[in-house]
Amino acid sequence: MVIGTRPVYELAPQEYRYALDACAGLLANTPPLVINNLPELTGEIQQRFPVTDESVTGAIWLEPMRLDWSGQIKKLENLANGAPLLVIASQPLARILPERRGWQGQPVGLRPGGLGQLRRALQRSGFSLSARYGLHTPLSIGLNLLSGRLDRLGQKALADRVYFAARLRYRSTGLTAPLATVGLWHFSKGGG
Amino acid sequence: MGRIETAVARLELWLETMRGAGGYGGPVAHWWQQSLVYTGPGLDWRYEGIVAGYLSLWQRTGQQIWLDKAKRAGGDLINGQLENSHFAASAFELNPASGGTPHEAAADCALLLLAKSLKQAEQSGWEKYLVAAERNLTDYFIGRLWSDEHRVFRDSPNGLTFVPNKAATICEALFELVALTGKSDWLEQYIRPTLDKIIEHQVKSGKVAGAVAQNSFGARRIEKYFPIYNARCVVALLRGYEVLAEKKYFEAALAIVAFISRWLRPDGSLPTVIYENGEVSRYPLWVAPLGDVLRAAEAVRPYGFNRNFGTTLDYLLAGQDISGGIQTARGFAAQAGGKPSTIPDLRDILHVAGWCDKAFRYLASQIEAAPLPEVAIEPFEAECIFQGKKLHFLETAERVEIRQSDAKIVYSWQKGQAWANTTRPEFWLR
């Protein structure tokens, strides 16, 4: 596998790439089992992970869908005790992303409460939630808009500082995480 | 033996520690973004400085080992070239991704410098480096980024963004290609309109006279001036003056260096961005990247421009740690406002292959004609902060390890591995 094949002019939206890079850091260079329901991100996955159907050391579940998420949970049964399960899911605010408007399917996370239902199902299947992150937060979106406004007003130095302030607030945890465009949930098999 | 020779010898030892399967890796800190989690090889602009640096060492010392290392680096690029002519993971701070600009053009420069040096030395095997670079320049830069309608190299096949310093790197590569292949029609077809476009982006008078605007979107120019990027325009313009016998390129190159020298601080550092109204974004104050500024200053010296950049050299050398690596910057923590803390930001002290190469290239071009001194490097450790958290940084020849105050490891990169291990979301920062 060669990492870094996807051209810069065909990259997926940043929050999904950010989430996949986070997964790489969490998986500690071990090949994960990948369940991917977003064909648009296949290239991004292939340029990061040696995809296998048999890994028991960790898993990435990308965009669980309303129609078959309960069936896909069964694919995770063989994960070893303590293995990380990383769920990347679009959240309601992802509807504003122009790139994903043409993406097919009915992601469970786009519906309010959908991810809560998924979490309970995963907990019943023996997974415990270690952490929940939101990527591309409303605060970072707001600061980016402000940065653009300042730039147009000729306040370029300030605009740049606000832009970098937005970068620092791109990720959130806890109660504000569901408000971001994309969620990254870190579960562990068996209570981790 | 002088301090430059010692610095080069230590830096070279550090570069060796950054090699893994496929090439030189490591985390990246940059103005635009970071790439702290992807740590695998990056076939990007780091190769320009690494190959040029090794070629300088070979040419100045006559020692075969440096040519072997230049060829090994060239081999990384050839082995990592994809079917579509891109180089894998060529996007530096945007990695993992291919098609990075100016990175692939800089990699082409590396390949072409190597081909030229081997050919001049009448050594065999130079053609493969030429072929790889020509394929990338033809398929990507000319095939996908050149706009016949607007006569510019765009920054992406999507849109009409022009970035002068990136275009200058493309010109540097094309000059080398023309010299090796005799495709002189490319001088008029691609290089002259590109150099003219760069000059169109140059400020003619006032506080920032000589500066080149960072980029343009169609007719809209972005009036931000980055000294380190301006410096990257100088060599291509001088080459344009020499090859195309056009005095305006010479004047433009000198005006850029004059602009940079006016903004030098007493300690030799430079603000990262200067704006049209004279405001600055001072931080981060680059350290290792100043190699490109010194290279530009050196390039204009034969033409009688002798402004002393000695303090800049001092500033760069003061950034070298006992690991041999040179720090990236000072004051990253103040990038979004405020003042830098007394403890450096993690991104300040990080030694990044794609910045250290610039120092390596310049310093290697300045050594005496004698073998480098025998030196040793040692593990480097320091306290730092990152996103408000106090951390302990350690780099050895084998790994980078960051611990929080209770000694728990929160980030570790085993050199050679494609990804750092971290459970702390702070390090996901892009």
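Each value, and the rule that gives it
- Residues numbered from 1 in each chain as written.
- Chains lettered and ligands numbered in written order.
- Predicted model: local features only at pLDDT ≥ 70, side-chain atom pairs only at ≥ 80, totals over all residues.
- Helix = DSSP H or I, 4+ residues; strand = E, 2+ residues; numbered from the N terminus.
- Buried ≥ 20, exposed ≤ 12 C-beta atoms within 10 Å, placed from the backbone.
- Contact = placed C-beta atoms within 7 Å.
- pLDDT = per-residue confidence, 0-100.
- Expected span 1.5 Å × (residues − 1).
- Arc of directions from axis to C-beta.
- Pairing = 2+ DSSP bridges.
- Core = buried A, V, L, I, M, F, W, Y, C linked by C-beta atoms within 7 Å.
- Nonpolar A, V, L, I, M, F, W, Y, C, P; charged D, E, K, R; others polar.
- Axes fitted to C-alpha atoms, helices over the stretch in contact; angles between N-to-C directions.
- Left-handed = near helix turned anticlockwise from the far one by under 90°.

Enquirer: Whenever I open this one, the environment of Leu85 of chain A confuses me. Can you help?
Expert: Residues and elements named next belong to chain A. Position of Leu85 relative to the elements: it lies in strand 3 (residues 84–90). On the basis of neighbour counts, which here come to 26 C-beta atoms within 10 Å, the residue Leu85 falls in the buried class. Distance from Leu85 to Leu129, taken between C-alpha atoms, is 9.2 Å for residues 44 residues apart in sequence. Every residue in contact with Leu85, bar those within four places of it in the chain, is listed here: Ala59, Trp61, Leu76, Leu79, Phe127, Phe187 and Lys189.

Enquirer: Would you explain the confidence of the model for chain B in this entry?
Expert: Parts of the model with low pLDDT should not have their predicted coordinates read in detail. Per-residue confidence for chain B averages 97 on the pLDDT scale, and 100% of its residues sit at or above 70. Interface confidence for the predicted complex, given as ipTM, is 0.95, next to a pTM of 0.97.

Enquirer: Please clarify how helix 5 (residues 138–152) of chain A should be interpreted in this entry.
Expert: Three or four residues apart is the spacing at which side chains of an α-helix point the same way, because the helix has 3.6 residues per turn. Residues and elements named next belong to chain A. With 15 residues, helix 5 should reach 21 Å at 1.5 Å per residue; the first-to-last C-alpha distance of 21 Å fits that figure. Within helix 5 the residues assigned to the buried category are Ser140, Leu143 and Ser147. Summarising the axial view, the buried residues of helix 5 lie within an arc of 60°, below the 170-degree limit, and thus occupy one face. Of the exposed residues in helix 5, the ones pointing more than 90 degrees away from its buried face are Leu145, Arg149 and Arg152. Taken together, the buried residues of helix 5 touch helix 6 (156–168). Immediately beyond the C-terminal end of helix 5, within one or two residues, lies Gly154, with a positive phi of roughly 90°.

Enquirer: Help me understand the pairing of strand 6 (residues 182–189) of chain A, please; the structure alone is not making it clear to me.
Expert: Within a regular strand, the side chains alternate between the two sheet faces. Residues and elements named next belong to chain A. For strand 6, the buried fraction is high: 7 of the 8 residues fall into the buried class. For strand 3 and strand 6, the ladder comprises 7 bridges, and the chain directions are antiparallel. Bridging across to strand 6, Leu85 finds its partner in Phe187. Here 8 bridges tie strand 4 (residues 127–135) to strand 6, and the two strands are oriented antiparallel to one another. Counterpart to Leu135 in the pairing with strand 6 is Val182.

Enquirer: When you look at the nonpolar core in this model, what are you seeing that I'm missing?
Expert: As a rule of thumb, soluble globular proteins bury nonpolar side chains together. Residues and elements named next belong to chain B. Ranked by internal contacts, the top residues of the largest apolar core, which has 201 residues, are Val51, Ala110, Val234 and Leu237. By residue number, the principal contributor to this core is helix 4 (residues 103–120), which donates 11 residues. With residues up to four places along the chain from it excluded, the contact list for Val234 reads Ala253, Ile256, Val257, Ala296, Ala299 and Val300.

Enquirer: Would you mind going over the sheet that holds strand 10 (residues 224–225) of chain B with me for this structure?
Expert: What holds strands together in a sheet is hydrogen bonding between their backbones, with the strands either parallel or antiparallel. Residues and elements named next belong to chain B. Taken in spatial order, the 3 strands line up as 10-11-12 in an open sheet, and their pairing is antiparallel. Among the strands making up the open sheet, the edge pair consists of strand 10 and strand 12 (280–281). Two elements, strand 10 and strand 11 (residues 273–275), share 2 bridges in a ladder whose sense is antiparallel. Pairing of Tyr225 across the sheet is with Ile274, part of strand 11.

Enquirer: Looking at this structure, I do not really get the environment of Ala21 of chain B. What am I missing?
Expert: Residues and elements named next belong to chain B. Tracing the backbone shows Ala21 in the loop between strand 1 (19–20) and strand 2 (23–24). With 11 C-beta atoms counted inside 10 Å, the residue Ala21 sits in the exposed group. Residues Ala21 and Leu316, 295 residues apart in the sequence, show an inter-C-alpha distance of 29 Å.

Enquirer: Please explain unusual backbone geometry as it appears in this structure.
Expert: Among all residues save glycine, negative phi is the norm, and among peptide bonds the norm is trans. Residues and elements named next belong to chain B. In the segment running from Thr101 into Pro102, the intervening peptide bond is cis, with an omega of 0°. For Pro102, the location among the structural elements is in the loop between helix 3 (64–79) and helix 4. Looking along the chain, the bond that leaves Tyr283 and enters Pro284 is cis, with omega of 0°. By the element assignment, Pro284 lies in the loop between strand 12 and strand 13 (285–286).

Enquirer: Help me understand the interface of chain A and chain B in this model?
Expert: Accessible area lost when the parts come together is the quantity often used to give the size of an interface. The interface is formed by 29 residues belonging to chain A together with 38 residues belonging to chain B. Of all the elements in the fold, those that place two or more residues in the side of chain A that touches chain B are helix 1 (14–27) and helix 6 of chain A. Taken together, the residues of the side of chain A that touches chain B sort by class into 16 nonpolar, 6 polar and 7 charged.

Enquirer: In this structure, what is going on with the sheet that holds strand 17 (residues 399–404) of chain B? I would like to understand it.
Expert: Residues and elements named next belong to chain B. Within the open sheet, the 4 strands sit side by side as 15-16-17-18. Their pairing is antiparallel. Of all the strands in the sheet, just strand 15 (380–386) and strand 18 (409–414) have a single pairing partner and so form its edges. With direction set aside, neighbouring strand axes in the sheet form an average angle of 15°. Sheet topology note: the strand 15/strand 16 (residues 389–395) ladder contains 7 bridges and is antiparallel. Within the sheet, the bridge partner assigned to Ala382 lies in strand 16 and is Phe393.

Enquirer: It is not clear to me how the packing of helix 1 (residues 3–17) of chain B against helix 13 (residues 353–364) of chain B should be interpreted in this structure. Could you clarify?
Expert: Helix-helix packing is described using two parameters, namely the angle between the two axes and the distance between the axes. All names here are of chain B. In contact at an axis separation of 10 Å, helix 1 and helix 13 are set at 145° when each is read in the N-to-C sense. Here helix 1 and helix 13 pass one another in a crossing that is left-handed. Counting all contacts with helix 1, which are made through Ile4, Ala7, Val8, Leu11 and Leu15, the residues of helix 13 involved are Ala353, Cys356, Ala359, Phe360, Leu363 and Ala364. Residue composition of the contact of helix 1 with helix 13, grouped by class: 11 nonpolar, no polar and no charged.

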